[in-house]
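Here is how the chains run, residue by residue.
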Amino acid sequence: MFDAQFRPLMDHLLNPVGRRLAGCGVTANHITIIGAFFGLFAVICVAFQLFGIAFWLILLNRVADGLDGAVARASGSTDFGGFLDIVCDFVFYSGIPFAFAVAQPENAIASAFLIFSFVGTASSFLAFAILAEKHCISTDIRGKKTFYYLGGLTEGIETILLLLAMVIWPRYFILMAFGFGLLCWVTTITRIYAAYREFGD
């Protein structure tokens, strides 16, 4: 919901760093992989209930996620880079709820519901992107992307805030997981409607 509003600010902050890294020979894929390791370590920390460390690792993962795009804009994006970026994002997003289930079994149903809900938002996002490519539809409202980015109530900023809130207040995980999961289904339904409006016969 807020990604389009935050995008110009993030680009303004990260693009100079991206240009400098690209000039040093660092590729966007390097940053993506480093960010993926931060995300993996965050998942492990949540599983062991090391929530303070997980907080900073989540932030580092998200900074890397923005920085790889800045490097790609400076050096040229690739299809594989876009593919790798989005796969790492979706694995990370589902990894944190999974880790909460590992940490405390009583979180398992809420974790499963949130991951189930993420599948709805992820599949509706990617399916729309595939059809947008087929119909030569593009947008740069969220910056220049490899995929068409269809908005919704629960986008990247909201998901990041959720994950950070979960590690700050882990005792409220179940409430947050069910609440955000329901919002994800609102996003999925609105995306289905948008696809029907755009591509329906």
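Just so it is clear, the structure is predicted and the values come from calculations on it, not from any experiment.

### A look at the overall build of the protein
- Along the protein, the regular secondary structure elements total seven helices and zero strands.
- In the protein, which comprises 201 residues, the proportion classed as buried is 44%.
- Long-range contacts, defined as pairs at least 24 residues apart, comprise 79% of the intrachain contacts of the protein with a sequence gap of at least 6.
- As presented, the protein carries roughly 11000 Å² of accessible surface, and 71% of it is formed by carbon and sulfur atoms.

### Details of the nonpolar core
- Counting 29 residues, the largest nonpolar core has Val46, Ile58, Ile96, Phe100, Met166 and Val167 as the members making the most contacts within it.
- Broken down by element, this core gets its largest block of residues, seven residues, from helix α6 (residues 156-168).
- Counting eight residues, the second-largest nonpolar core is a separate cluster that includes Ile31, Ala64, Val71 and Ala72.

### Here's the deal with the pattern of salt bridges
- With the rule as written, the count across this model stands at two salt bridges.
- Linking Arg62 and Asp65 is a salt bridge whose minimum nitrogen-to-oxygen distance equals 3.3 Å. Here the residue Arg62 and the residue Asp65 both occupy positions in helix α3 (residues 51-75), the gap between them amounting to three residues, near one helical turn.
- The salt bridge involving Asp89 is made with Arg62; its shortest N-O contact spans 2.9 Å. Residue Asp89 is located in helix α4 (residues 79-103), and its partner Arg62 is located in helix α3; the two are separated by 27 residues in the primary sequence.

### A word on the packing of α4 against α6
- The contact between α4 and α6 brings their axes to 11 Å, and the two run at 25°. The angle between α4 and α6 falls in the class roughly parallel. α4 and α6 meet at a crossing whose hand is left-handed. In contact with Phe92, Tyr93, Ile96 and Phe100 of α4, α6 contributes Gly156, Thr159, Leu163, Met166 and Val167.
- When the residues that make up the contact of α4 with α6 are grouped by side-chain class, the tally is seven nonpolar, two polar and no charged.

### Details of the packing of aromatic side chains
- Going through the model one piece at a time under the given rule, you end up with twelve aromatic pairs.
- Here Phe113 and Phe116 contribute two aromatic rings whose centre-to-centre distance is 6.4 Å and whose plane-to-plane angle is 55°, an arrangement assigned as tilted. In this pair, Phe113 and Phe116 both sit in helix α5 (residues 108-134), three residues apart, roughly one turn of the helix.
- With a centroid separation of 5.0 Å and an interplanar angle of 50°, the aromatic rings of Phe116 and Trp185 are classed as tilted. In this pair, Phe116 is assigned in helix α5 and Trp185 in helix α7 (residues 173-199), connecting sequence segments 69 residues apart.
- On the accessibility criterion, Trp185 (25% relative accessible area) is partly exposed.
- Put simply, the rings of Phe113, Phe116, Phe178 and Trp185 pair up and form one aromatic cluster.

Reading the values: rules and limits
Residues numbered from 1 in each chain as written. Predicted model: local features only at pLDDT ≥ 70, side-chain atom pairs only at ≥ 80, totals over all residues. Heavy atoms only, no water. Helix = DSSP H or I, 4+ residues; strand = E, 2+ residues; numbered from the N terminus. Buried < 20%, exposed > 50% of the residue type's maximum accessible area, 1.4 Å probe, protein only. Contact = heavy atoms within 4.5 Å. Areas by Shrake-Rupley, 256 points an atom, 1.4 Å probe, with all protein chains shown as cover. Core = buried A, V, L, I, M, F, W, Y, C linked by side-chain atoms within 4.5 Å. Salt bridge = Lys/Arg side-chain N within 4 Å of Asp/Glu carboxyl O. Axes fitted to C-alpha atoms, helices over the stretch in contact; angles between N-to-C directions. Parallel < 35°, antiparallel > 145°, perpendicular 65-115°, else oblique. Left-handed = near helix turned anticlockwise from the far one by under 90°. Nonpolar A, V, L, I, M, F, W, Y, C, P; charged D, E, K, R; others polar. Phe/Tyr/Trp six-rings, centres within 6.5 Å; stacked < 30°, edge-to-face > 60°.

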